[in-house]
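Remarks on the overall topology
Read off the chains here:
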Amino acid sequence: MSNTARGLSLFALTMIAIGSTIGSGIFQTPSSIAREVNHPGWMIGLWIAGGVVSLLGALVFAELGARVSKPGGVYAYLHEAYGALPAFLYGWSLLAVVSSGTIAALIIVFADYMDYFFGFGPDLKPLIAASAIVVLTLFNTFGIKSSEWFTNISTIIKIVGIYAVLTAALFLGREAIFGSSDPAVATPGSPGATPLAIAFVGVLWSYTGWHYASFVSGEARNPRRNVPIAMVLGTAAVTLTYVLTNLGYMSVLPLTEIQQSEALAAEVMQRVIPGSGNAVALLIAISVFGCAGIYVLATPRIIQQMSAERLFFPAFARNHPRFGVPLNAIILQSAWAIVLVFFWGKLEALYTYVTTTEWLFLLAAAAGLFIVRSRAKATHEGFSVPLYPVVPVLFCLVVGWFIYKNAVSDNPAAYYGLLIIPVGALVYILFRSRSRT
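Residues numbered from 1 in each chain as written. Predicted model: local features only at pLDDT ≥ 70, side-chain atom pairs only at ≥ 80, totals over all residues. Heavy atoms only, no water.

Remarks on the packing of aromatic side chains
Heads up, the rule is: Two aromatic rings from Phe, Tyr or Trp, using only the six-membered ring of Trp, form a pair when their centres are within 6.5 Å; if the ring planes differ by under 30 degrees the pair is stacked, by over 60 it is edge-to-face, and anything between is tilted. Put simply, DSSP H or I for four residues or longer makes a helix, DSSP E for two residues or longer makes a strand, and each gets a number counted from the N terminus. Partly exposed residues are those whose accessible area sits between 20% and 50% of the maximum for their type, while under 20% is buried and over 50% is exposed, using a 1.4 Å probe and protein chains only.
Taken as a whole, this structure holds 18 aromatic pairs when the rule is applied. Between Trp-47 and Tyr-207, the aromatic rings sit 6.1 Å apart at their centres with planes inclined by 50°, giving tilted as the arrangement. Of this pair, Trp-47 sits in helix 3 (residues 40-67) while Tyr-207 sits in helix 8 (residues 193-207), and the two are 160 residues apart along the sequence. On the basis of relative accessibility, which here comes to 0%, the residue Tyr-207 falls in the buried class.

A closer look at the side chain of Gln-333
Stated formally: By the criterion applied in these results, polar contacts are pairs of N or O atoms within 3.5 Å in which, for protein atoms, one can donate a hydrogen and the other can accept it, and in which residues neighboring in sequence qualify only through two side-chain atoms.
Note that Gln-333 resides in helix 15 (residues 327-344). Within the structure, the side chain of Gln-333 is placed 2.9 Å from the side chain of Ser-99, a separation counted as a polar contact.

Let's talk about the side chain of Asn-406
Heads up, the condition is: Here a residue-residue contact requires only that any non-hydrogen atoms of the pair lie within 4.5 Å.
Within the fold, Asn-406 resides in helix 17 (residues 390-407). A relative accessible area of 2% means that Asn-406 is categorised as buried. At 2.9 Å, the side chain of Asn-406 forms a polar contact with the backbone oxygen of Phe-402. Once residues lying within four places of it in the same chain are set aside, the contact partners of Asn-406 are Ala-197, Ile-198, Val-201, Thr-356 and Ala-414.

Observations concerning the confidence of the model for the protein
Put simply, the test is: Each residue gets a pLDDT score, which is the predictor's confidence in that residue and runs from 0 to 100.
Summing up the model confidence of the protein, the mean pLDDT is 84 and the portion of residues at 70 or higher is 88%. When pLDDT is averaged over each element of the protein, helix 17 comes out on top at 95 and helix 9 (residues 210-214) at the bottom at 72. Across residues 1-5, confidence stays below pLDDT 50; counting only partners more than four residues off in sequence or on other chains, it has four contacts. Confidence drops under pLDDT 50 across residues 179-185; counting only partners more than four residues distant or on other chains, this segment forms eleven contacts.

Right, here's the structure in full:
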């Protein structure tokens, strides 16, 4: 097949890189980041650093996508490099930590913005969040076409909402940004390695998604040229968006108010355009609700595949006879997400629980490139990482530092997710032995 017959142009690849990365974290995570680093300059520096790390990782995964033809993304890369057990542990962690935890975190953001709109109070937030997960589960079970339509609409709302807040804040905000407006709070000098690593969790959670774009490098036109250009353009666009949005927040609110906010984007809009806060809160709630729905629908397919391979309970391998969806797997994931809502309760704890674990597997997959390359018997004609091995080594070192600093911190959310991985190894051994029997 010629390159011209491939379906993904440079523009399409760039849009995938942008759309799969920009999420709902930018509406809320700056508040928790501000509480850790306590200075606008360090906040902006972390968002730029997150973009650089994402670009390095995307380049590594672009080559992995070109070398590993099997579908499944990170799951396939881990299987190719290390074998069945690490791949299973990734699927296990998606269920127990990453996907279910992301659903819980997104729904907490949904509840925060619904609280801003309706004012029902903090005590009801967990119940509102749990009810929203039940609704999403039903919605994705009985209305696949409606779910697809709602996801597209909510994605458009999300992008419009980000740029509306960004534009209004930058052009209408009056608060000074780098310290002079709030000297009692802004702390000069470095905040220290551990606070930086903890704050970096929120940054990386907001950037997570770049690796989805790298999965389609095998379907790109002229992948040696277009894939790296799309990664650079997409990551640059996302980084610029996140940096400008944070500058917008800080041009409207002093650091003390950003640190205390539970519905930051709505409060910023309310300040610059009185009366707009409720409308923005509702739009953001809808977009976050739709984003959570993507995870409710997508990840149970991996659980279903694991069950079909006899590495999990057989009941989760079956589709519903009428609706054609893995209903048991969807219910399992949603039920665990509800447990996480009540167990952790706070957005910061949930995205810390998710991010340290997910980025450990991204680190392992990136390191797997060295193994995949060493096994290659023929000349590789697809995309190759520029400046190899500097790019993958630098990515692994930064991410390894980030995971280590959080794992040894006194925040249980940072290492509880990691502790679930050895539990998954026991599950794998159990079902492997049953399968052989």
